[in-house]
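# Fold and geometry: a report
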Amino acid sequence: MTTVTANFTYSHTAGFLAYRGRGFIHPIAITLGDDGVMYVLNRGGPESVGRLEHKRVCICTVDEGYIGEWGTGGTEDGQFWWPSDIARAGDGRIFVTDEALQRVNIFDPDGNYVHHWGEVGVEPGQFNRPAGVTVAPDGTLLISDGLNHRIQRYTPEGEYLGGWGEYGAQAGQFNTPWGVACDADGNIFVADWRNDRVQAFTPAGRFIGQWGTSGDGKGQLNRPSSVTIDEQGYLYVADWGNERVQIFAPDGEVAAILLGDATTSSWAADYLSANPDEQRARYEADLKPAVNPWRDHHREASAGIESRFWGPSSIAVDAEGRIYVVDSCRHRVQIYRKTA
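Residues numbered from 1 in each chain as written. Predicted model: local features only at pLDDT ≥ 70, side-chain atom pairs only at ≥ 80, totals over all residues. Heavy atoms only, no water.

## Regarding the environment of Pro250
Which entries qualify depends on this criterion: Secondary structure elements follow DSSP: runs of H or I no shorter than four residues count as helices, runs of E no shorter than two count as strands, and numbering proceeds from the N terminus. Burial classes: relative accessible area under 20% of the type maximum marks a residue as buried, over 50% as exposed, and values in between as partly exposed (1.4 Å probe, protein chains only). Should any heavy atoms of two residues lie within 4.5 Å, those residues are considered in contact.
Among the structural elements, Pro250 can be located in the loop between strand E20 (244–248) and strand E21 (254–258). Looking at Pro250, the relative accessible area reads 52%, which means it is exposed. For the pair formed by Pro250 and Ile208, sequence separation is 42 residues and the distance between their alpha carbons is 14 Å. For Pro250, the contacting residues outside a window of four places in its chain are Gln232, Gly233 and Tyr234.

## As for the layout of surface pockets
Selection rule: Definitions used throughout: a 1 Å grid over protein atoms alone; a cavity as a set of points that fits a 1.4 Å probe which cannot get out; a pocket as an open set with protein on both sides within 12 Å along at least five of seven lines; a lining residue as one with an atom within 4 Å of a point. Grid points are joined across faces, edges and corners, and a volume is the space filled by probe spheres set on the points. Polar here means any residue other than Ala, Val, Leu, Ile, Met, Phe, Trp, Tyr, Cys and Pro, which are nonpolar, and Asp, Glu, Lys and Arg, which are charged; Gly is therefore polar.
The computed volume of the second largest pocket comes to approximately 460 Å³. Around the second largest pocket, the lining is made up of 18 residues, and of these Phe16, Leu17, Ala268, Arg282 and Glu306 lie nearest the centre. Elements represented by at least two residues in the lining of the second largest pocket include exactly helix H1 (266–274) and helix H2 (276–284). Among the residues forming the lining of the second largest pocket, the class breakdown is seven nonpolar, six polar and five charged.

## Things to note about the sheet that holds strand E15 (residues 188–192)
Using the following cut-off: We treat two strands as partners when DSSP finds at least two bridges between them. Helix axes use the C-alpha atoms of the stretch in contact, all axes being lines fitted to C-alpha atoms, and the angles between their N-to-C directions lie in the range 0 to 180 degrees.
If you walk across this open sheet you meet the four strands as E14-E15-E16-E17, and the pairing is antiparallel. One side of each edge strand has no neighbouring strand; the edge strands of this open sheet are strand E14 (177–182) and strand E17 (207–211). The mean angle between the axes of side-by-side strands here comes to 20 degrees, regardless of whether they run parallel or antiparallel. Relative to strand E16 (residues 197–201), E15 runs antiparallel, the two sharing five bridges.

## A look at the packing of aromatic side chains
To describe a pair of aromatic rings, you give the distance between the ring centres and the angle between the ring planes. Note the cut-off: Paired rings are identified among Phe, Tyr and Trp, the last through its six-membered ring, by centres lying within 6.5 Å, and are further divided according to the angle between planes into stacked (under 30 degrees), edge-to-face (over 60) and tilted (the rest). Two conditions define a charge sitting above a ring: the NZ of Lys or the CZ of Arg must be within 6 Å of the ring centre, and it must be within 35 degrees of the ring normal.
In this structure the tally under the stated criterion is 20 aromatic pairs. Over the face of the ring belonging to Trp193 we find Arg223, whose NZ or CZ atom lies 5.4 Å from the ring centre.

## Quick word on the pairing of E17
Regular strands have side chains that alternate between both faces of the sheet. Here E16 pairs with E17 via four bridges, running antiparallel. In the sheet register, Gln199 faces E17, and the bridge partner there is Gln210. Where E16 folds back on E17, the antiparallel hairpin that results is connected by five residues, among which Gly205 adopts a positive phi of roughly 95 degrees.

Shown next as structure tokens:
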């Protein structure tokens, strides 16, 4: 077998803080469309009346072309309260899970509300904090049912097709699973959040392997929030609690650790040029303070170094080798490239 050695380099940053329109506010998840289109789900902060409109989906391109937005906060049809994850089907439909409303919202390719389904409970087909969602190769939906500690499968219309999992730390058990993804063969990868690991399963739900143990060392994980896998078998993990992304090669070894390399996005540059006082304050600020490697762990340093990840919550890859990291607390997406 030929081993493919990949390199991972920073490309650019998209987005900046904006309550509406061209920008993000506490983005939580991302899904990709065609031709570099990004659908960024904004959780929007506290659920106060004045902030509900910030909960929305922003659509833009990888090169920061703004397309539009849709959605708002609330409890009515098509509205969000604690939106958690977003997935796009092959026909363009968009699915958004909502932890608080215990449901899955469905939108057409233009963002128009279609319908929703889901109810709270512990029985098969019911939810307790639905979190991650992905579309499997056969078109069915896989949803991580967080506080029921299981994975459930549905048709896009909400018909329950089965599931597996229970609370625990043994192979095949879960403790608050979050992100979920599939490879081209339908194998399922789950970010097992409170067990600090990623587990892999066959399409039928049989356990086949895992990555990570609790900790902050190389190959260890701390509250992984999102996972995805590319065509060559590289596994990408948003290592949320460690403020980093870890990339595992097909042989299970760590191929790269990304800490964040953000530069000013074009949207942010436009804003700063129109607001010279803020631009001046930014230039005068120390955005990259010195870090003592013997004292300052990267988790603590991330909040103080503007270029680094701070709350990396979601990750996606595309066929062009681009890697998209949702940098939630800094309201942006950092984009990397994989090259052989």
